[in-house]
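One-letter residues, chain by chain:
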Amino acid sequence: MYLKRLEIVGFKSFADKTRLEIPSGVTAVVGPNGSGKSNISDALRWVLGEQSIKTLRGSKMDDVIFAGSDQRRPLGLAEVSIVLDNSDHSIPVDFTEIAVTRKLFRSGESDYLINKSSVRLKDVQELFFDTGLGKEAYSVIGQGKIDSILSVKAEDRRAIFEEAAGINKYKTRKMIAERKLEETDRNLLRVQDILQELA
Ligand code: ATP
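Residues numbered from 1 in each chain as written. Predicted model: local features only at pLDDT ≥ 70, side-chain atom pairs only at ≥ 80, totals over all residues.

### Side note on the overall build of the chain
Each helix and strand counted, the chain has five helices and six strands in total. Its helices and strands in sequence order give the chain the pattern β-β-α-β-β-β-β-α-α-α-α, from N to C terminus. Projected onto its principal axes, the C-alpha coordinates of the chain cover approximately 85 × 40 × 40 Å. Looking at the chain residue by residue over its 199 residues, the buried ones come to 17%. If you take every contact in the chain between residues at least 6 apart in sequence, the share linking residues at least 24 apart comes to 51%. (Helix = DSSP H or I, 4+ residues; strand = E, 2+ residues; numbered from the N terminus. Buried ≥ 20, exposed ≤ 12 C-beta atoms within 10 Å, placed from the backbone. Contact = placed C-beta atoms within 7 Å.)

Right, dumping it as structure tokens:
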């Protein structure tokens, strides 16, 4: 699976529809200070479901919508789409191409789409679960993140490797199974109490 296209319109400095075709291999984005390079990685985080406006370098969510310039009026909608090549089916769905879109209107209304169908944020998160591409994953390493990765506690670092190895889903299932076992133990205890009362 790899990211093959990013489409941005109305997001931060990208007032006009901008389509970035990303070939396989290494791609570098270069440009003068303030030209919008980091806005591209912000767009990527945002479409993956980022909820923290601080992480997106703003103070309120509609700061991601184009705020206008000397020549242009502000826009009312930010829209970002990513297209992933899934011909290796590393995301376990039938599609060989997956398009994920996030929209935000200035009115506050928002929408997520997977292959043009409206979905919940949870569906987007689940789609990327254990792929290394989720918003909590290591796929977007922001400025300063390298330092924090190097300096965090060993357990936190281990979590990064576990996400990369794809074992998080098993850990989650184990946790759910353990909770059910605890609940069953509690129920058994109650049944024993009732049986004793009746004896
Ligand atoms: P540097 O090399 O200095 O890190 P950069 O190329 O990464 O810069 P960005 O931080 O991506 O640049 O872009 C900053 C520009 O984006 C600023 O000019 C800022 O005014 C503009 N910008 C950010 N949010 C909005 C918005 N909502 N509407 C319009 N422009 C915006």
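### Remarks on the pairing of strand β1 (residues 2–9)
Across seven bridges, β1 lies against strand β3 (residues 77–85) in antiparallel orientation. Residue pairing in the sheet places Leu6 in a bridge with Ile82 of β3. Sheet topology note: the β1/strand β2 (residues 18–21) ladder contains four bridges and is antiparallel. Bridge assignment links Arg5 to a residue of β2, and that residue is Glu21. (Pairing = 2+ DSSP bridges.)

### Brief notes about the site of the ligand
Every one of the 14 residues lining the ligand counts as a neighbour, but Asn33, Lys37, Ser38, Asn39 and Ala67 are closest to it. Residues of the shell around the ligand, tallied by class, amount to three nonpolar, eight polar and three charged. (Near = placed C-beta within 6 Å. Nonpolar A, V, L, I, M, F, W, Y, C, P; charged D, E, K, R; others polar.)

Purely spatial values, then, with no claim about function.
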